[in-house]
Structure formats: C-alpha cells, structure tokens
Amino acid sequence: MSEADTLVRQRDLRADFPGLLTADGGTWHYLDTAATAQKPQAVIDAMSRALGRDYATVHRGVYSRSANMTLGFEAARRRVADFIDAASENEVVFVRGATEGINLVAQSWGDANIGPGDRIMLSQLEHHSNIVPWQLLAERTGAEIDVCPLTEDGRIDLDWLEANLTERHKLVALAHVSNVLGSILGAKRAAKAARAVGAKILLDGCQSAPRMRLAMAELDCDFFVFSAHKLYGPTGIGVLWAREDILEAMPPWQGGGAMIDTVDFGGTTYAPAPQRFEAGTPMITEAIALHAAIDYVEDAAGEGGMEALFEHESSLAATARAELSRFNSVRLLGPEKSAGIVSFVMEGVHPHDLGTILDEENVAIRAGHHCAQPLMQHLGVPATARASFGLYSTEGDIAALVRGIDRTLKIFG
Ligand code: PMP
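What counts and how
- Residues numbered from 1 in each chain as written.
- Predicted model: local features only at pLDDT ≥ 70, side-chain atom pairs only at ≥ 80, totals over all residues.
- Heavy atoms only, no water.
- Helix = DSSP H or I, 4+ residues; strand = E, 2+ residues; numbered from the N terminus.
- Expected span 1.5 Å × (residues − 1).
- Buried < 20%, exposed > 50% of the residue type's maximum accessible area, 1.4 Å probe, protein only.
- Contact = heavy atoms within 4.5 Å.
- Domains from an automatic or database assignment.
- Buried area = accessible area lost by both parts, 1.4 Å probe.
- Pairing = 2+ DSSP bridges.
- Axes fitted to C-alpha atoms, helices over the stretch in contact; angles between N-to-C directions.
- Parallel < 35°, antiparallel > 145°, perpendicular 65-115°, else oblique.
- Left-handed = near helix turned anticlockwise from the far one by under 90°.
- Nonpolar A, V, L, I, M, F, W, Y, C, P; charged D, E, K, R; others polar.

Considering helix H3 (residues 64-83)
Item 1. Taking 1.5 Å per residue as the helical rise, H3 with its 20 residues ought to reach 28 Å, and the 28 Å between its terminal C-alpha atoms agrees with that figure.
Item 2. For H3, every residue scored as buried is listed here: Ser-66, Met-69, Thr-70, Phe-73, Glu-74, Ala-75, Ala-76, Arg-77, Arg-79, Val-80, Ala-81 and Phe-83.
Item 3. Looking at the buried side of H3, the elements it contacts are helix H2 (41-51), strand S2 (92-95), strand S7 (223-227), strand S8 (238-242), helix H10 (284-301) and helix H11 (305-324).
Item 4. Backbone geometry just after H3 places Asp-85 at a positive phi near 55°.

Here's the deal with the environment of Phe-327
Item 1. In this fold, Phe-327 is placed in the loop between H11 and strand S11 (330-333).
Item 2. Assessed through its relative accessible area of 10%, Phe-327 is described here as buried.
Item 3. Separated by 28 residues in sequence, Phe-327 and Gly-355 have C-alpha atoms that sit 17 Å apart.
Item 4. If we skip the residues at most four places from it in the chain, Phe-327 touches Val-402, Ile-405, Asp-406 and Leu-409.

Section: the domain arrangement of the chain
Item 1. Taken domain by domain, the chain comprises domain 1 (3-33 + 305-412) and domain 2 (46-298).
Item 2. Centre-to-centre, using C-alpha coordinates, domain 1 lies 28 Å away from domain 2.
Item 3. In this assembly, 34 residues from domain 1 lie in contact with 28 residues from domain 2.
Item 4. Interface of domain 1 and domain 2: buried area, both sides summed, is about 2,600 Å²; carbon and sulfur atoms make up 63% of it.

A closer look at the sheet that holds S8
Item 1. Spatially, S2-S8-S7-S6-S5-S3-S4 is the arrangement adopted by the seven strands of the open sheet, whose pairing is mixed. The open sheet terminates on both sides in strands that have one partner only, identified here as S2 and strand S4 (144-148). On average, each strand axis in the sheet is tilted by 20° relative to the strand beside it, whichever way the strands run.
Item 2. Relative to S4, strand S3 (residues 119-123) is paired through five bridges, and the arrangement is parallel. Directly across from Ser-123, in S4, lies its bridge partner Cys-148.
Item 3. Together, S2, S7 and S8 form the strand contacts of H3, whose direction differs from that of S2 by roughly 115°.

Overview of the packing of H2 against H10
Describing two packed helices takes the angle between their axes plus the distance from one axis to the other.
Item 1. Taken N-terminus to C-terminus, the directions of H2 and H10 make an angle of 155°; their axes are 8 Å apart at the nearest point. Comparing their axes, H10 and H2 come out roughly antiparallel. Helix-helix and strand crossings are classified by hand; for H2 and H10 the assignment is right-handed. Residue-level contacts link Ala-42, Val-43, Ala-46, Met-47, Ala-50 and Leu-51 of H2 to Thr-285, Glu-286, Ile-288, Ala-289, Ala-292, Ala-293 and Tyr-296 of H10.
Item 2. When its residues are assigned to classes, the contact of H2 with H10 shows eleven nonpolar, one polar and one charged.

Here is the structure:
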C-alpha cells in the first residue's frame, strides 16, 4: 500500500459509507465521486433526525421546535462560511445547487450589470451549467461570449487569458477544477487578470470544494459556487458565495416569502442579503445535513486538513494514470497533475461499453460527455471514460478498474 492509502488505513473511512457496499454486502468500487459523492452515515443520521424528531419550519415559528430549527439552519450557514473562510455568513446564499447559483448570478447580477457589447469570458472546458446561463444572459442583453482555449495538456491557458482580456469584459467565469480532466485553475492568477481589466470573476467550485482547502479572500474571486451533494452532503442544496458589497447591491432574483422586508400593493421592500435571495421555505433539512457533511469531511481529513484530502485523491489519480498508461490502447486525457479525476478513451471500445463491462465487476465509472460537449469537441471525441476519486477511494479501487479493463480488452479481442 502506498502513501495514497494512508488516509484510509488510519481509519477505515469506507466503513462510514453504507453506499459503498453492493446489494449482497460486497465491495463496490465507486469511481464516480465527481458526479456525486456517497454519503457517510453521519450525514444520513443528521438528515433523518432533522426530518424526524427535530422537524419544523424555520424563521417564522414562535414555538421552540421552530426556533431550534432556525438556530440549526443558521448554524449551517455559519459552518459553510467557516469552511470556505468567508468574511461573514451574510456572504453565503443557500441555493438548490451550483447550477442554480450560477443562474442566480447571471440573472440578478448579470441583468443589472451586463449590456450590449459587453463581453463574458468562459473557457473551453466549462460544464454546461457554466456556459448556458451566460448564453441566455448574452441573448437577453446583447453581450458576447469569448472562450479561453486550453494548454496542450488540458489546463485553462492563463497566458492567453491575460493577453486577451479587455475592458469590454465584465465577467470571467471559470471552473476551479475541471470535472472531466481534473485540471486545476491558477485561480489567483485568473482573478488578478480579471481585476486588471475591471471584470468580476466567478469560480465554479463544484470539484474543488470537496477536495481543496478554500479561502475566499485568498482566491480573491467575486462569486464562488458549489453543490453539497459532491461534498458528501445531500442533493437539493448548494452554496453561492459572493462578496458582501456585491451581494448587497444585487437586485432580488426570485420573489416570495422570506426575501422581503415589507409587502404592500403600493410597493414592496426587500430583506438584506443573503435572505433577499432565498425566497420561500428553504432547504431546511438539507442545510443541517450539509453542516454534518462538512463536519465529517474535516474530521476525516484529520490534522492534515483539506490538503491531506487533496493529496490522497491526487496521488490516487497519479497512480491510476500510471496504471492505465501501461495499456497501449488507452489514451489518457488531461494534465499529469490532476485533482482526483482521470479521463481516458480506449481505442476500439466505446466508453459506454467499457462502463457496462466494468459494472459487471462492481466498478462504477462515468462514461459520456460529462456535460462538457465543447470540451469533447476540443478533444475530438464524442465521450470519455472517467474515474474520479473521493476521500474513501483506495488503490483497491484502481486495481479493480485495471482488472476490468483487462477483461474488456479480452472481450473486444
Ligand atoms: N460544474 C461542475 C464543474 C460540475 O462538475 C457540476 C456537476 N457535474 C456542475 C457544475 C453542476 O452541479 P449541479 O448539477 O450539482 O448543479
């Protein structure tokens, strides 16, 4: 066993995840954590308690159960702020997920700040959820979209970005970590380039939040989004972080209860941020389970903190790349140094066929375009196979993947 397994060896993290077993109690080699992470029992228990004996609405109740639930819900917001090292919990907006967070920024900030002739800078490797909301904004406002190319090894080309940003650019929106290639953005450098032309910068942190230490001030971005379900928490909740002054200046997005100060047919006034962006009954139990997920992740990471998780997953990715490179028919995509995500294609075997054969071996990989069709076009492939790691992943998972590929090659002759 290599150092990559140290984290798991110190404490059997797999045992905390009921989802990592097959139906008959065997080992399930789950290599699709970039799509969604399995849930530790602590999160399942927190959610179940919140839905059961603790359940009540938040913010409006005068009875003690509701008051306690409100405390729990707001404690979750503080926990998120602490996890990402935000200046204040008022910078944390609960949304349905990263996708909704980006749509919120595009519609609220975008409609108020983007006009005809303005430009929005994206990159070739973005997830559809960091492309389509900006295309819709461009259609509404007459803005133009530019696409930053990639380096040969699949990273966002920051030399090109620096050379091509202009004062017409009002927003730069980039993936902090690519969900297909695992490429890590030089985020501070990208933020500096955006600042130099007076543009705002949004980072899509879906793949970085579960595996990197985050400090909003250090990243120096304006908006940051992530989804709880990739961070070992529940579906249905995510986070939009934005600098307080920016959030305060943003107009309401959806209207309804909880986002108002007073409502009158003569005119309505709105609550301050973040409540202004949280219309309706919020994701109460999901927020409480997200709190439990962050507690779990930090506890699992131990003294090494999120850096240790990053090391664990990136060294598994390096091992996987080394193992896969032994197959002549495998073409590895993306940079050598990846944040726990490895994409590849096999000559003569469609990724879907590979995924189906691996499934028979209890190995779950992702096969498809990964909601990144422009990246597939760039790579010249319709789809890739992707193995992605989580804090519970082991070298045993990689060995099972390699066995499955061996078998696939035999089947395909
Ligand atoms: N961006 C990236 C980089 C992602 O990996 C994902 C999820 N695959 C998303 C955005 C969208 O996240 P969600 O579907 O949870 O809103």
